[in-house]
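Structure assessment
Listed here are the chains, written in short residue letters.
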Amino acid sequence: YSATVRVPEGYLAVMSAVARFVSVNLFLLNPCREYWGDIVSDRDIARATSRKAPALEITDLHLEKGNTLLASTGAMGRDFLELVQDYPAQEHTWFVDPGEDSLLHSLQSDILSLRERGADGRRSRVEPADRSIRIHACHSPLREVEVLRDHLLAMFDQDPGLLPGEILVTAPNIEKYAPYIRAVFDASAAENERIPYSISDQSVRKESELVDTFLALLDLGNNRFALSSVLAVLESPSVMRRFDLAEPDLAALRTWISETGIRWGLDGKDRALRNLPPFEENTWSAGLNRLLLGYAMAGRGEHLFSGILPYDHVEGGDADLLEKLAEFISCLFELPPVLERPKTPHAWSSALEELLDRFFSPDEATDREALALRRAFLELAQAGDARGGGLDEPLQLDVIRWFLSRHMERQGSGFGFMTGGVTFCSLLPMRSIPFRAICCLGMDNDAYPRTQPRPEFDLMARHPRPGDRSRRSDDRYLFLETLLSARSRFHISYVGQSQQDNARIPPSVLVSELLDCIEQGFYVPNRDIRQWIVTHHPLQPFSPAYFQEHEGRLFTYSREHLEAATALASTPRPARTFFQQGLSRPGPEWREVDLDDLVRFYRNPAAFLLTQRLGIRLHEEEGLPSDHESFDIEGLGRYHLGRELVQRRLKGEKIGREAFERARSSGVLPHGTVGRSRFQDLAREAAAFADGVASF
């Protein structure tokens, strides 16, 4: 049995009773080989003296401090070891003194031997080249990770025998740092600067893009199959692989979807089920019909077929892409019958399994995520096993989605710990594994030790007993175990400077206690040891300070930051005028000015000059339209429709029912009577304007 430091006394009593019949082995990590059950911290001494008479001396209380760092951080382990001593057992100890060849080893040796260095006023010398303990104050979590990467590269340069698998990086909340870790450690293009790594202790729900997409797929019905929700599912890499889509295909699909007027709803029947008018316009069915009909025939924006206006921009080479989109939309039509009907947990398990296979194609990186979903489906089926006392009644989709979401949040990935690269993980119990280098991120004042609010009726918090769980005591002991597990390097970083005004922010109280202990027992010749250990980093990674001599304290391996710092330090070039000489005289084609060109010129003269005279296209990619259908004809849509009606009127055509059907089928009109009324108003305005122009 491998015990943590918070086993309640009742568990120990049970194990003691079991030991009468079988052999029980209890493996414990003891930071000190001396008896340290009576040592107390400075805080305990202050609390004890405050309750005594003021005239009483501290020496009269016979309180023993032992090692200050051990006393302040090891209270949880001390109490548990005291509990273990009350039970009869055969004890075998194994302690190894690390020596005093570095600052880190000296601290570990002091804790092991229960020695308080500097208590008699004598301090030990630390060589300036000693880098065993380093503390870094940064402006943000991102800067912490950037500094960490540079120092890991420096460790590899200084010790060629150091392997990435011999480095552990911990944080109070690794999920907070995971995006920054991926951004920094995946950004390097140079092969010799890439550091293999893995991130552990992340829940599948927050880590997996596949799980997020699957849950979003189940929620499409609640979102009315809105344009943005459906595209979010389609753009998932696993879904793209299933339907054989590439990244360039998405741009074409977005254009098709935008120009065919798709907004929400599968079809008119789907809208009717939501107690809304069963209009086909702006649905996925109407948009797909326009695309398929546009591939089959040329409508040229005029001819309708069975009330459908063909979309003319789908050509022969687009057949494969159109087929893939049609397959995806047909799969969407299969969702409502499966998801909206209540089913037993066992039936839900089979249905969800089929949906996973129908929409997703995992690769090597996402196989474990798909496996986690399949395990959740299996647990769902087992929960509905009536023979085992489970629930065998039909359940709604909302219940099933809640179950899957909670299950994925509680379940860890099970991967990423000690995979051969640098291991990133959370500060958790039972992680006291020796590593040559251990780095602690996020040691902020308000982040560690972590707080755990307790309700007023919590009697354990009001009357604590040895062995009770305490988050703050656990975190203190975890910090002590982490310090003792580092074999040669101990790297600490925290957000110690404000991004707004560069004000200093204190670190975690544990870091401050470590610095106080070092300052009491050690010194560096001709330097302040606290300033020698703590490095305050600039706000920006491309600060010129990183490329100036700072005794090796500030440095970076980034070539991009070097180029940025060089540009920042160089003399800025004088601004040049856009035109060095006059433009050539315009050709004869400019003597006749089109009305649209005249309007564009007065709307934005600079843009007109760049596009028409210089041939510079200032194209800005338009975003997708809203998920909601139009409730009025306004903006650019009104302008385009009005221009089309004017042009048709000038050609002698009547603006009647056929023009209305074309506009309605294109999806630019509001639905129902409102759309017809708005179209008639715009048609009268266009006819009056065209007749007025024709009279000149």
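Definitions and limits used
Residues numbered from 1 in each chain as written. Predicted model: local features only at pLDDT ≥ 70, side-chain atom pairs only at ≥ 80, totals over all residues. Heavy atoms only, no water. Helix = DSSP H or I, 4+ residues; strand = E, 2+ residues; numbered from the N terminus. Contact = heavy atoms within 4.5 Å. Areas by Shrake-Rupley, 256 points an atom, 1.4 Å probe, with all protein chains shown as cover. Buried < 20%, exposed > 50% of the residue type's maximum accessible area, 1.4 Å probe, protein only. Pairing = 2+ DSSP bridges. Salt bridge = Lys/Arg side-chain N within 4 Å of Asp/Glu carboxyl O. Axes fitted to C-alpha atoms, helices over the stretch in contact; angles between N-to-C directions. Patch = residues over 30% accessible without salt bridge, like charges linked within 9 Å, V, L, I, M, F, W, Y side chains within 5 Å. Phe/Tyr/Trp six-rings, centres within 6.5 Å; stacked < 30°, edge-to-face > 60°. Lys NZ or Arg CZ within 6 Å of the ring centre and 35° of its normal. Expected span 1.5 Å × (residues − 1). Arc of directions from axis to C-beta.

**Considerations on the overall build of the protein**
Helices and strands together make up the secondary structure of the protein, namely 29 helices and nine strands. Within the protein, counting contacts between residues at least 6 apart in sequence, those at least 24 apart form 74% of the total. Taken as a whole, the protein presents about 38500 Å² of accessible surface, with 52% of it coming from carbon and sulfur.

**Some remarks on unusual backbone geometry**
With an omega of 0°, the peptide bond between Y448 and P449 qualifies as cis. With respect to the element layout, P449 can be found in the loop between β6 (435–440) and α20 (459–462). The backbone of R224 sits at a positive phi, close to 65°, despite the residue not being glycine. Position of R224 among the secondary structure elements: in the loop between α9 (209–218) and α10 (227–234).

**With respect to the side chain of D110**
Examined against the element boundaries, D110 turns out to sit in helix α5 (residues 103–112). Residue D110 is classed as buried on the basis of its relative accessible area of 3%. Setting aside residues no more than four positions away along its own chain, D110 makes contact with N67, R115, R117 and F522.

**Considering the pairing of strand β7 (residues 486–495)**
Most of β7 is tucked away, with seven of its ten residues classed as buried. In this structure, strand β2 (residues 133–138) lies alongside β7, joined through six bridges in parallel fashion. Within β7, the residue paired with I133 across the bridge is F490. Summarising the sheet, β6 and β7 pair through five bridges and their orientation is parallel. The partner of A437 across the bridge, within β7, is R489.

**Some details on the pattern of salt bridges**
Two side chains of opposite charge can pair, provided their charged atoms sit close to one another. Applying the stated rule across the entire model yields 25 salt bridges. Linking R149 and D150 is a salt bridge whose minimum nitrogen-to-oxygen distance equals 3.8 Å. Relative accessible area serves as the criterion here: at 8%, R149 is assigned to the buried category. Its relative accessible area of 8% is what places D150 among the buried residues. For D357, the salt bridge identified is with R374, shortest N-O distance 2.9 Å.

**What to know about the environment of N173**
Relative to the assigned elements, N173 resides in the loop between β3 (167–171) and α7 (174–185). By relative accessible area, which is 40% here, N173 ends up partly exposed. For the pair formed by N173 and L427, sequence separation is 254 residues and the distance between their alpha carbons is 7.6 Å.

**Structural notes on the sheet that holds strand β5 (residues 422–426)**
A sheet is described by the order of its strands in space; here seven strands give the open sequence β4-β5-β3-β6-β7-β2-β9, paired in parallel fashion. With one partner strand each, in any of the chains shown, β4 (197–199) and β9 (534–536) form the two edges of the open sheet. When strand polarity is set aside, the average angle formed by the axes of neighbouring strands in this sheet is 20°. Note: β3 against β5, four bridges, orientation parallel. Bridging across to β5, A171 finds its partner in S426. The strands touched by α5 are β2 and β7; relative to β7, the strand with the most contacts, the crossing angle is about 100°. Contacts from α7 reach β3, β4 and β5, with the element oriented near 155° to β4.

**A short note on a nonpolar patch on the surface**
Taken together, V593, L595, L598, V599, F601 and Y602 make up a surface patch of nonpolar side chains, about 590 Å² in accessible area. Turning to its location among the elements, F601 is positioned in helix α25 (residues 595–603). Of the residues examined, F601 reaches a relative accessible area of 34% and is grouped as partly exposed.

**Thoughts on the packing of aromatic side chains**
Enumeration over the complete set of coordinates arrives at twelve aromatic pairs. Each member of the aromatic cluster is reached from another via a ring pair, and the members are F185, Y197 and F424. The ring of F243 carries the charged tip of R242 above its face, separated from the ring centre by 5.0 Å. The ring of W348 has K343 sitting right over it, with the charged end atom 3.9 Å from the ring centre.

**Points about the pairing of β2**
In terms of burial, β2 is largely enclosed, as six of its six residues are buried. Side-chain alternation along β2 places I133, I135 and A137 on one buried face and R134, H136 and C138 on a second face that is also buried. One ladder, built from three bridges, connects β2 with β9; its direction is parallel. Of the residues in β9, the one forming a bridge with H136 is T535.

**Some words on helix α29 (residues 672–694)**
Spanning 23 residues, α29 covers 33 Å between terminal C-alpha atoms, matching the ideal 33 Å at 1.5 Å per step. Three or more residues of α29 are buried, namely G675, F679, L682, A683, A686, A687 and A690.

**Section: helix α26 (residues 605–613)**
Turning to α26, its buried residues number three or more, namely F608, L610 and T611. Looking down the long axis of α26, one finds its buried residues gathered within 165° of arc, a one-sided arrangement. Buried residues belonging to α26 abut α25. Just past α26, the residue G615 takes up positive phi, approximately 70°.

**Focus on the environment of L227**
Note on placement: L227 falls in helix α10. L227 gets classed as buried once you look at its relative accessible area, which sits at 1%. In the structure, L227 is positioned 37 residues away from W264 in sequence and 5.6 Å away in space, judged by C-alpha atoms.

**Quick word on the environment of R78**
Of note, R78 is situated in helix α4 (residues 75–85). Separated by 46 residues in the primary sequence, R78 and C32 have C-alpha atoms spaced 9.9 Å apart.

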